Amino acid sequence: MFRLATPSSAHLQLLVAMLRNPASTGTLLPSSRALANAMAGAAEGADLVVELGAGTGPVTDALLQKLPHVPLIAVELQAALVRRLRHRYPGADIRQATASQVVDSLMEHPGRIVLVSSLPFRSLPAPVATETAHSLCRFLAHNPERKLVQFTYQPRAPFAAPRHLRWKRTSVIWRNTPPAGIWELGLTP
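The sections below set out a description of the structure shown in this document. If you're wondering where the values come from, they're calculated on a predicted model, not measured in any experiment.

Attention now moves to the environment of Leu48. Note on placement: Leu48 falls in strand β1 (residues 48–52). Owing to a relative accessible area of 6%, Leu48 belongs among the buried residues under this scheme. Along the chain, Leu48 and Leu115 lie 67 residues apart, while their C-alpha atoms are 8.6 Å from each other.

Now for the packing of aromatic side chains. Following the criterion strictly, the structure yields four aromatic pairs and no others. Between Phe121 and Phe159, the aromatic rings sit 4.7 Å apart at their centres with planes inclined by 50°, giving tilted as the arrangement. With Phe121 in the loop between β4 (113–117) and α6 (126–141) and Phe159 in the loop between β5 (147–152) and β6 (165–173), the pair connects residues that are 38 residues apart, well separated along the chain. No difference in accessibility class separates Phe121 from Phe159, as the two residues are buried. Arranged with centres 5.4 Å apart and planes meeting at 65°, the rings of Phe151 and Tyr153 form a pair that is edge-to-face.

Moving on, we come to the sheet that holds β1. Strands sit in the order β3-β2-β1-β4-β5-β7-β6 across an open sheet of seven strands; the sheet is mixed. Sheet topology places β3 (93–96) and β6 at the edges, where each strand pairs with a single neighbour. The sheet shows a mean angle of 20° between the axes of neighbouring strands, direction not considered. Looking at chain direction, β6 and strand β7 (residues 180–187) are connected through eight bridges and run antiparallel. Its bridge partner lying in β7, Arg169 is registered against Trp183. Running over the sheet, helix α3 (residues 58–66) touches β1, β2 (72–76) and β4 and is turned about 170° from β1.

The rules we used
Just so you know, the residues in each chain are numbered from 1, in the order the chain's sequence is written. With the structure being a predicted model, the display of local features is reserved for residues of pLDDT at least 70 and the display and counting of side-chain atom pairs for 80 or more, all residues being used for whole-chain, interface and lining totals. Working from all heavy atoms in the structure, the side-chain values ignore hydrogens and water. Helix and strand assignments follow DSSP, with helices taken as H or I runs no shorter than four residues and strands as E runs no shorter than two, numbered in order from the N terminus. Partly exposed describes any residue whose relative accessible area lies between the buried limit of under 20% and the exposed limit of over 50%, with all areas from a 1.4 Å probe on protein chains only and scaled to the type maximum. Pairing of aromatic side chains here covers Phe, Tyr and the six-membered ring of Trp, requires ring centres within 6.5 Å, and sorts the geometry by plane angle: under 30 degrees stacked, over 60 edge-to-face, intermediate tilted. For two strands to pair, DSSP has to find at least two bridges joining them. To define axes, lines are fitted to C-alpha atoms, for helices over the stretch in contact only, and angles between the resulting N-to-C directions are given on a 0 to 180 degree scale. Any two residues whose heavy atoms approach within 4.5 Å at even a single point are treated as in contact.

Here it is, written out as structure tokens:
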């Protein structure tokens, strides 16, 4: 006898988010543990981590477990997902805002800041994707110690970057549905 898998509350939350706002929800499945751990591993050495597009929290979990002494700001735009994150992580700094708002507010913040992003650049409305990418690039250009860690389901860089910044694909996580490439963006050495 076999059983049909029942969707988790995270799956249902993502489905509802996708139905309400398909352009800002990039997937119906939460990131796998393998992808979340790889994203968190890429943030090691940070003085501050800013998670963009926290969703239902799988990357948040990995960041809190792998980097317990590093301050974390988790950013999510959708109210229902923010409520879920605040309930799940009552002591965490969870902000309901756009990525641009939070990143722009941290422009002068000192130290090594790593942006860990699950933002769905390819499905965002073009003006939002462009504004967000410009904001992230300005932020990275402000300090050579900063970097962006971004995953994408496409085999190419998540978005075009100015010449002074360079994308580097660091890995492909095959144990994710669908497989995801992890990319890092920072100032060109």
